[in-house]
Amino acid sequence: MPNIDPHIFVIFGATGDLTKRKLLPALYHLMQEKDVAANCYVLGTARSDWSDERFRREAREALAEQFSERALLRWCDQNLFYQSLGSDSQDYEGLRDRIQALEAEHDLPGNRAFYLSLPPRVYGSTIEALGEVGLNGGPGWSRVVIEKPFGHDLESARALNDRVHAHFSEDQVYRIDHYLGKETVQNLLAFRFGNAIFESMWNRDRIERVEITVAEDLGVGERAGYYDDAGHLRDMMQNHLTQLFTLVAMEPPSSMSADAIRSEKVKVLRSTRPIDPEEVVFGQYADGQFDDTSAPAYRDEPGVPDDSTTETFVALPLHIDNWRWQGVPFLLRTGKRLPEKRTQIAVHFECAPVSLFQQTDEDGQPCGVDPNVLLITLQPDEGFDLHFEVKTPGEAFQLETQKLRFRYEEAYGPMPDAYETLLQDIIVGDQTLFVHSDEVEASWELYTPLLDADLDVQPYPAGSWGPDAADDVLRTNGAATTPSTLSS
Ligand code: BG6
């Protein structure tokens, strides 16, 4: 692992929720673990007229919920700074001067990361303002980190890429998709390319279909302002599920370099057939029941307009026109207020070509042997399960499904937070887990026609697996109606 260079980590939107919940805890933990706190500083910026002291106090309170060490107080007092920032060029000159003053005071070499935890509509102007005062380059490295969503369709993503590239080269740009920081997502690469037994079966000859499910039990919460405008296709499908899809489907890269991996992912997107809007199901949760508690409809959530037609559920099949995957559907399904929080990739293998075993189901009716399934679980308990058939003890030759089971936490203890992994990569300059401009555009190219298609949004009861129509689309493509494999 490369060293962590001394640097200043500048957070835009430092008074916001992401800073407290994710960024500061991840930075603090990282600095303690790597023992580099002495040379790494955080400069928070936002419109609010806070002082260093106020920022430190807020940080201490937020971090105290997770950490109890005395080092925490020292870190907050010695390593955190704050600068209030408007949108004028003088404000950005002031920011540059403050950065330079901190660098001089702490004898830093001028390495800077700029993390935009901001509303997406100001990404472009913030990046331009940084460029105009010369903060896009410096005595050391300068990197800009952009949260999702990157654009709201193909055209806006291209326009944003152009604005970014006018000031920062692609190797300075870190587009975050926090799913890429999850250990199990990264382990997909190890699993596929480090184990010859699976890779040789990873194709249309052996795999019948792949189901990717990202289910959340929570509703929109307090985020209606952003979410009602974005919708679930933009919030989850275009980024998180698409990342999982490309990692499952990509060809082996020529090396583990960021460029080699990202270019294989782009090839998958470019080989994916345009999505037929007829096969897409959008849903919105109505009121319903969770374990005897009633849950409100999406339209009754705080801040959501009564007549909102925003989708909170999306199901669709993707088809890849290449030699490896021709004829194998990838069924993607994601929604809010589904029965449980579960993120899972189910790889369904083909049935045995000849069935030697006469099976009967629970009702005594003849049935086939269940095909093998590889379940890759990202949430809630990260790990792998391989389903296979065994003979049950006794005289009759009856088969039953059993599982080979692996859980990360049992083997390695708690997993690091995705943000900690990603922040470390930003600081050491590793772009493997970040989304390239080509990738983001290829993904929008796939989904933008659906945004323009004005699809019906069908209601589903909170606590169900989505609208009935989703079952039909998935069933037509060979999936179980409810995600039967969704348990481990
Ligand atoms: C975020 C979305 O990117 O991912 C949220 O904006 C969603 O709407 C969240 O709830 C899910 O992330 P995770 O890691 O909890 O699956």
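See the structure printed just above.
Okay, so let's go over this structure. Every value quoted in this text rests on a predicted model; they were computed, and no experiment measured them. (Residues numbered from 1 in each chain as written. Predicted model: local features only at pLDDT ≥ 70, side-chain atom pairs only at ≥ 80, totals over all residues. Heavy atoms only, no water.)

## Considering the sheet that holds strand S5 (residues 142-146)
Piece 1. Spatial ordering of the open sheet is given by S3-S2-S1-S4-S5-S6, a layout of six strands whose pairing is parallel. The open sheet terminates on both sides in strands that have one partner only, identified here as strand S3 (80-84) and strand S6 (173-175). Adjacent strand axes in the sheet meet at a mean angle of 20°, parallel and antiparallel pairs treated alike.
Piece 2. The sheet contact formed by S5 and S6 spans three bridges and is parallel. Each bridged residue has a counterpart across the sheet, and for Val 145 the counterpart in S6 is Tyr 174. (Pairing = 2+ DSSP bridges. Helix = DSSP H or I, 4+ residues; strand = E, 2+ residues; numbered from the N terminus. Axes fitted to C-alpha atoms, helices over the stretch in contact; angles between N-to-C directions.)

## Section: the site of the ligand
Piece 1. Every residue lining the ligand is accounted for by Lys 148, His 178, Tyr 179, Lys 182, Glu 216, Arg 223, Asp 235, Met 236, His 240, Lys 336, Lys 341 and Gln 379.
Piece 2. Between the ligand and Lys 341, the relevant distance is 2.8 Å, taken from an oxygen atom to a side-chain nitrogen or oxygen of the residue.
Piece 3. Burial of the ligand by the protein amounts to 81% of the accessible area it has alone, namely 400 Å².
Piece 4. At three residues, helix H10 (residues 232-249) tops the list of elements feeding residues into the shell around the ligand.
Piece 5. Residue classes in the shell around the ligand are distributed as two nonpolar, three polar and seven charged. (Near = heavy atom within 4 Å. Polar contact = N/O pair within 3.5 Å; in protein donor to acceptor, adjacent residues only side chain to side chain. Areas by Shrake-Rupley, 256 points an atom, 1.4 Å probe, with all protein chains shown as cover. Nonpolar A, V, L, I, M, F, W, Y, C, P; charged D, E, K, R; others polar.)

## Topic: the environment of Leu 23
Piece 1. Note that Leu 23 resides in helix H1 (residues 17-34).
Piece 2. Of the residues examined, Leu 23 reaches a relative accessible area of 0% and is grouped as buried.
Piece 3. C-alpha of Leu 23 to C-alpha of Ser 117: the two residues are 94 residues apart in sequence and 9.4 Å apart in space.
Piece 4. Non-local contacts of Leu 23, meaning those with residues more than four positions away in its chain, are made with Ile 11, Leu 18, Tyr 115, Ser 117, Tyr 419 and Leu 423. (Buried < 20%, exposed > 50% of the residue type's maximum accessible area, 1.4 Å probe, protein only. Contact = heavy atoms within 4.5 Å.)

## Overview of the nonpolar core
Piece 1. The biggest cluster of nonpolar side chains holds 123 residues, and the ones touching the most others in it are Trp 75, Leu 316, Phe 330, Leu 332, Ile 345 and Tyr 447.
Piece 2. Here this core gets nine residues from one element, more than from any other, and that element is H10.
Piece 3. Not counting the four nearest positions on each side in its chain, Leu 332 is found in contact with Ile 212, Met 237, Leu 241, Phe 245, Val 314, Ala 315, Leu 316, Leu 318 and Tyr 447.
Piece 4. Counting residues in hydrophobic clusters, the runner-up holds 15 residues, among them Ala 215, Ala 224, Tyr 298 and Val 473. (Core = buried A, V, L, I, M, F, W, Y, C linked by side-chain atoms within 4.5 Å.)

## What about the pattern of salt bridges?
Piece 1. One pass over the structure, following the stated rule, counts 28 salt bridges.
Piece 2. Glu 199 serves as the salt-bridge partner of Arg 192, at 3.3 Å between the closest nitrogen and oxygen. Considered together, Arg 192 and Glu 199 belong to a single accessibility category, that of buried residues.
Piece 3. Between Glu 211 and Arg 333 there is a salt bridge, and its shortest N-O distance comes to 2.9 Å. Highlighted residues: Glu 211 in strand S7 (residues 207-215) and Arg 333 in strand S12 (residues 329-335), separated in sequence by 122 residues. The two residues Glu 211 and Arg 333 agree in class, both being buried.
Piece 4. Each of Arg 192, Glu 199, Glu 251 and Arg 324 takes part in salt bridges that share partners, so that together they form one network. (Salt bridge = Lys/Arg side-chain N within 4 Å of Asp/Glu carboxyl O.)

## Here we look at the packing of helix H5 (residues 123-132) against helix H6 (residues 154-165)
Piece 1. Remark: H5 packs on H6, axes separated minimally by 9 Å, with the N-to-C direction vectors making an angle of 10°. One finds that H5 runs roughly parallel with respect to H6. Along its contact with H5, which presents Tyr 123, Gly 124, Ser 125, Ile 127 and Glu 128, the element H6 presents Leu 160, Arg 163 and Val 164.
Piece 2. Within the contact of H5 with H6, the residues separate by chemical class into four nonpolar, two polar and two charged. (Parallel < 35°, antiparallel > 145°, perpendicular 65-115°, else oblique.)

## Some thoughts on the packing of aromatic side chains
The description of an aromatic ring pair uses the distance of the two centres, along with the angle that the planes make with each other.
Piece 1. Applying the stated rule across the entire model yields 20 aromatic pairs.
Piece 2. One aromatic cluster in this structure is built from Phe 191, Phe 198, Phe 384, Phe 406, Tyr 408 and Tyr 412.
Piece 3. Stacked on the ring of Phe 150, the Lys or Arg Arg 175 has its end atom at 4.7 Å from the ring centre. (Phe/Tyr/Trp six-rings, centres within 6.5 Å; stacked < 30°, edge-to-face > 60°. Lys NZ or Arg CZ within 6 Å of the ring centre and 35° of its normal.)

## Considerations on the pairing of S12
Piece 1. Taken across its seven residues, S12 has seven buried, putting it largely inside the fold.
Piece 2. The side-chain alternation of S12 yields two buried faces, one formed by Pro 329, Leu 331, Arg 333 and Gly 335 and the other by Phe 330, Leu 332 and Thr 334.
Piece 3. Of the strand pairs in this sheet, S7 and S12 are connected by six bridges, and their pairing is parallel. Pairing of Glu 211 across the sheet is with Leu 331, part of S12.
Piece 4. One ladder, built from seven bridges, connects strand S11 (residues 313-319) with S12; its direction is antiparallel. Across the sheet, the residue bridging to Val 314 is Thr 334, located in S12.

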